[in-house]
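If you want the building blocks of each chain, they are given just below.
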Amino acid sequence: MNSLLLTGVALLWAILPSAVMSATFPAGASQMECRPRVFWIWISKDFLGSNQWQIQATDDSGRPYMFMDAVASQCGFTITSDLDEHLEIRMSYFACPVQSSDDSRFNVSLQFLVSFPSGVVSYDIAMNCLLSVPWSPREMVCEENYVEVSVTRIVPRTFDGENLLLGSQSSWPVVLTQDWYIDFQFRNGTVLTVNSTAAVKMGYEVRTTTTRVMLRSPYNTPQSQITLVQELPLEVTISTMSYKQPWVILIVDTTTACPVGPPFFTPTSLTWLTPAVLQPIVLDLKNYNDNGPTMGVNGKLISAKTVQQNGYQLSMNATAVGITVPIGAPGGTFKSDIQNNTYGTAYTIHLLLERIWSGLRSDVTRYIAYKSITTPFQPHPLFIIDYTIPELQYFNICLGNFPPDVSVSTLNIHGQIWTPDKAADRGFQLTTVTNSNGTSSIFLLVPFPDPLVEKTVLPGYEREYKLYVTVTLVLAPSNKTITITAVVPAKLQDIIPPVYKGICGVNRLIMDMTFGSMDLYWLPYIRDLPLTEELSRSYIVAVNSSVFHLEVPVPAIGLVYEEVTLKTTAVRLDFSLKDNKTLETMSSFSVACKFPTGRMLACLPNGTMIATALSEDVLPELDARRTRLRDPDCLPTEANSSMALFHISSHTCATTRMFDGMYLVNENAILFDREVIPVEKPVISRDPEYKLTIRCRYPVSQTKRVYGKKRVILQRGAQVERQASLRKVARHALNLQLTLAKDQTCLKFDKRP
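On a predicted model such as this, the values are computed, not experimentally measured, just so you know.

Cut-offs and rules
Residues numbered from 1 in each chain as written. Predicted model: local features only at pLDDT ≥ 70, side-chain atom pairs only at ≥ 80, totals over all residues. Heavy atoms only, no water. Helix = DSSP H or I, 4+ residues; strand = E, 2+ residues; numbered from the N terminus. Buried < 20%, exposed > 50% of the residue type's maximum accessible area, 1.4 Å probe, protein only. Areas by Shrake-Rupley, 256 points an atom, 1.4 Å probe, with all protein chains shown as cover. Disulfide = S-S within 2.5 Å. Phe/Tyr/Trp six-rings, centres within 6.5 Å; stacked < 30°, edge-to-face > 60°. 1 Å grid on protein atoms, 1.4 Å probe; cavity = no way out; pocket = protein on both sides within 12 Å on 5 of 7 lines; lining within 4 Å. Points joined across faces, edges and corners; volume = space filled by probe spheres on them. Nonpolar A, V, L, I, M, F, W, Y, C, P; charged D, E, K, R; others polar. Pairing = 2+ DSSP bridges. Salt bridge = Lys/Arg side-chain N within 4 Å of Asp/Glu carboxyl O. Patch = residues over 30% accessible without salt bridge, like charges linked within 9 Å, V, L, I, M, F, W, Y side chains within 5 Å. Axes fitted to C-alpha atoms, helices over the stretch in contact; angles between N-to-C directions. Core = buried A, V, L, I, M, F, W, Y, C linked by side-chain atoms within 4.5 Å. Contact = heavy atoms within 4.5 Å. Polar contact = N/O pair within 3.5 Å; in protein donor to acceptor, adjacent residues only side chain to side chain. Lys, Arg positive; Asp, Glu negative; His and termini not counted. pLDDT = per-residue confidence, 0-100.

Per the secondary structure count, the chain includes seven helices and 63 strands. A burial count over the chain gives 48% of its 753 residues as buried. Surface exposure of the chain reaches about 36900 Å², of which carbon and sulfur atoms provide 53%.

Following this line, the structure appears as structure tokens:
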């Protein structure tokens, strides 16, 4: 019995108001059937909802009586649910509130109480059933929550005016006269004898009717015992009922035996086995004659044709009767569950087994056993299939497969929670499609342009779209939830690249860039320098809706000096666009130009200084071929009479290095060797004095500007200065060598960048 059906029901009687409204069931809310040996009552779960309910009857004294768990098993009620979770009640023809007429007509009147928010409503249940199949001499029913045995009476109804039918009907369960006794036998040979009153207090129901003697008991009583018959367990209660009068003794064998062994499972089927011969209740094996088993589903017997059509197997051999059902076969159903954030199912089917056998003369037994079987939880990982076609510009993912009792609760897309309705308002399409096998698939469509879709630009003007989605599903009616997370990528070459045009102007490099589709998300760089407002002051920058115009004069920050000779200087402008998040280069363009070499000072990132010395800088003009650096051995790289070109390393030619605040300063000088007469004591010279100081400043920190200054000392004492500036990325730590003097001499540092 499904105990959850009675959760909280016991409280209903305590909260009932003094006034109870009466009503009839709405159409479709209830069904009732007269089945062999039982009343069958069905109540829709949709009608009940989450409201509390209770079954009530009125005994012969007029007192209302509630049938809760313990009383239900003693009084012959089985309260369970069908495969679709609707309430199902089976009630024995010998149940406490049933009135019978010669054991052939049975009547019952019940009140079904439901506690709605507006109050408690009573729905009347009245059933009148005729016996459809004649009683066998002995009948035994192994219900889900009790076992009942009834045996034909073979003695007169009364003795000395004593009514053997009922001793007292003032309350339920019915108590027979004290002259009825029950003997319980145990394996060790002991016997427990109790009268009918004591038996009722122990949870049994004992009674006699016009034609039969009946004993009903719940399972797992102290008087029951587990017995293995052909290696299959039975719960057995060995008992006899007796009635004594001065001149007659009536003894009835009321032994019961019900199968309690678990079913056997394979990945594809389930099997219920019971002993072929129920020896505790079959004593005459010599004359035993079995009519063969019959199976049923959902409380009804089915034909051999239906057994075959549904794929069932009903078999019997010398040791066991077996019912095998393929998992998923008609007559059963799958029930969903969620355990540890894992979705799975269990297959449930309600089986019925009927056995009829006979012995000598009229010794016939009809045996019925109910068995509700649920397979173990079988995980079914939910899957996500990506049906996205990037050219359509939206994600199309399928989540499946779900049973009808699973629905979408929320969507978490890139950290934002959306209900299905709110998601639809935003433009996300959520569609449920029913599959041919009864399951459902859920399709989610999300457009690429939505801001919640992550976008990454890839090389080759390709863009990657990523959908981060977590779907929360809810399982009805338990409201258990499960989450499925997926990261769905899609690539599409949908970026319009920028178009470049380079021009060599007069002492300047010119670039025009026609915008593409992604420039909004890219940052402009000159070489490795971001084109900030400060940097652009050295340039000419003009921007309109479609074109970015850039002019960089020579010399200027950020230019690359590819080759410098006496005649030409080859300069390159490296322009790039970088992703604003990753700083990955997305597009680049270079403009290379050659200009006549003139006055110049270039401080290169590797510490090299390039400088020119022009004879025209002084009067009278000097012969540039006779210039040198501080180290007399360091002569021009190239020279003619009017101009000399020097490449000055930071580690040679007497170049000095010193710190000035946060700057490292490299310095050298271009000197001119004058011709004097006489050489030993120079007095006369036609050559001017010339000294050109070359100085480059490199910031110690990374990516800072460096400055160069060129100072020319003229014969007349005037100074002409020229400046150049670059940036330098410090790639290596400085090597510092420290020499300690042993006297008062100052410390000397040798600094090599």
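In this section: the environment of asparagine 291. Its location among the elements puts asparagine 291 in the loop between β25 (289–290) and β26 (294–297). In this structure, the C-alpha to C-alpha distance between asparagine 291 and isoleucine 356, residues 65 residues apart in sequence, is 5.6 Å.

The next subject is the state of the cysteines. All chains considered together, the criterion is met by six disulfides. The side chain of cysteine 34 participates in a disulfide bridge whose partner is cysteine 129; the two sulfur atoms lie 1.9 Å from each other. When the S-S torsion is -75 degrees, as for the bridge of cysteine 34 with cysteine 129, the disulfide is left-handed. Remark: cysteine 129 occurs in strand β10 (residues 119–130) and cysteine 34 occurs in strand β2 (residues 30–35); sequence separation between them is 95 residues. According to the relative accessible area criterion, cysteine 34 is partly exposed, its value standing at 42%. Residue cysteine 75 pairs covalently with cysteine 96 via a disulfide, S to S 2.0 Å. When the S-S torsion is -90 degrees, as for the bridge of cysteine 75 with cysteine 96, the disulfide is left-handed. Note that cysteine 75 is positioned in helix α3 (residues 69–75) and cysteine 96 in the loop between β7 (87–92) and β8 (99–101), a separation of 21 residues in sequence. Take cysteine 75 and cysteine 96: they sit in the same class, and that class is buried.

Under the defined criterion, the tally for this structure stands at 25 aromatic pairs. Aromatic side chains tryptophan 357 and tyrosine 367 sit 5.9 Å apart centroid to centroid with 40 degrees between the ring planes, which places their arrangement in the tilted category. Placement of the pair is tryptophan 357 in strand β31 (residues 342–358) and tyrosine 367 in strand β32 (residues 364–374), with a sequence separation of ten residues. Classification of tryptophan 357 as buried rests on a relative accessible area of 4%. The class for tyrosine 367 is buried, based on a relative accessible area of 2%. Their ring planes at 5 degrees and their centres at 4.9 Å tell us that tyrosine 500 and phenylalanine 589 sit as a pair that is stacked.

With that settled, the discussion passes to empty space enclosed by the protein. Take a probe with the size of a water molecule and roll it over the atoms, and the empty space left behind shows itself. Counting across every chain of the model gives three cavities of 30 Å³ or more. By volume, the largest cavity amounts to about 100 Å³. What lines the largest cavity is a set of 13 residues, among which Arg37, Ser92, Trp135, Val141 and Glu148 lie closest to the centre. Elements represented by at least two residues in the lining of the largest cavity include exactly β11 (138–142) and β12 (146–152). A total of four residues in the lining of the largest cavity trace back to one element, the largest contributor, which is β12. Its residues assigned to classes, the lining of the largest cavity comprises eight nonpolar, two polar and three charged.

Hydrogen bonds along the backbone pair up the strands of a sheet, which may run parallel or antiparallel. The strand order β23-β24-β29-β28 describes an open sheet built from four strands, whose pairing is antiparallel. Looking at which strands have only one partner, the edges of the open sheet turn out to be β23 (264–265) and β28 (313–316).

For the rest of this paragraph, the subject is the pattern of salt bridges. All told, the structure shown has 25 salt bridges when counted by the stated rule. The partner of arginine 508 in a salt bridge is glutamate 551, and the shortest N-O contact between them spans 3.1 Å. Taken together, the residues arginine 508 in strand β44 (residues 508–514) and glutamate 551 in strand β48 (residues 547–553) connect sequence positions 43 residues apart. For arginine 508, a relative accessible area of 25% gives the class partly exposed.

Within a regular strand, side chains alternate between the sheet's two faces. Relative to strand β51 (residues 585–596), strand β50 (residues 568–579) is paired through eleven bridges, and the arrangement is antiparallel. By the bridge assignment for β51, leucine 573 is matched with valine 591.

The grouping of Phe383, Ile385 and Tyr387 at the surface amounts to a nonpolar patch, some 250 Å² of accessible area in total. On the secondary structure map, phenylalanine 383 appears in strand β34 (residues 383–386).

The next thing to look at is the sheet that holds strand β39 (residues 440–447). The strand order across the open sheet formed by four strands is β34-β35-β39-β38, and the pairing between neighbours is antiparallel. Pairing within the sheet leaves two strands with one partner each, and these edge strands are β34 and β38 (429–434). Along the sheet, successive strands turn relative to each other by an average axial angle of 25 degrees, direction set aside. Examined bridge by bridge, β38 and β39 share six bridges and lie antiparallel to one another.

Moving on, we get to the nonpolar core. Core analysis: the largest hydrophobic core is formed by 48 residues, its most contacted members being Ile182, Met295, Tyr312, Val325, Ile349, Leu351 and Tyr367. With five residues, β31 is the largest single contributor of residues to this core. For isoleucine 349, the residues in contact, after removing those within four places along its chain, are Leu83, Leu270, Val297, Tyr312, Val325, Gly331, Gly332, Lys371, Ser372 and Ile373. Of all hydrophobic cores here, the second largest spans 38 residues; its members include Ala57, Met91, Phe106 and Phe112.

Time to look at unusual backbone geometry. Glycine 400 connects to asparagine 401 through a cis peptide bond whose omega is -20 degrees. Mapped onto the fold, asparagine 401 is located in strand β35 (residues 394–402). Even without glycine at this site, asparagine 220 takes up a positive phi of about 60 degrees. Inspection of the secondary structure assignment puts asparagine 220 in the loop between β18 (212–218) and β19 (225–229).

When you line up the elements, arginine 463 lands in strand β41 (residues 462–475). Only 3.0 Å separates the side chain of arginine 463 from the side chain of aspartate 494, close enough to count as a polar contact. When neighbours within four sequence positions are excluded, arginine 463 is seen to be in contact with Lys455, Thr456, Val457, Leu458, Ala490, Lys491, Leu492, Asp494, Ile495 and Met518.

Turning next to the side chain of arginine 138. Inspection of the secondary structure assignment puts arginine 138 in strand β11. For the buried arginine 138, no salt bridge exists, and the shortest N-O distance to an oppositely charged side chain is 4.9 Å, to aspartate 253. Reaching out from arginine 138, the side chain makes a polar contact with the side chain of threonine 365 at a distance of 3.1 Å. Dropping the residues within four chain positions of it, arginine 138 is found in contact with Val149, Ser150, Val151, Arg212, Ile281, Trp357, Val364, Thr365 and Arg366.

This part is about the environment of glutamate 33. Structurally, glutamate 33 is set in strand β2. Residues glutamate 33 and methionine 127 lie 94 residues apart in sequence; the distance between their C-alpha atoms is 8.4 Å. Residue contacts for glutamate 33: discarding those within four places in its chain leaves Val38, Phe39, Trp40, Met127 and Lys300. A distance of 3.0 Å separates the side chain of glutamate 33 from the side chain of arginine 35, its partner in a polar contact.

Moving on, we get to the confidence of the model for the chain. Looking at the chain, the pLDDT average stands at 84 and 85% of residues meet or exceed 70. A low-confidence stretch, residues 156–170 stays under pLDDT 50, and its non-local contacts, those more than four residues away or across chains, total 36 contacts.

Mapped onto the elements, serine 538 comes out in the loop between α7 (533–536) and β47 (540–543). Distance in space between the C-alpha atoms of serine 538 and proline 555 is 9.8 Å, their sequence separation being 17 residues. Residues in contact with serine 538, not counting those within four places in the same chain, are Pro553 and Ile557.

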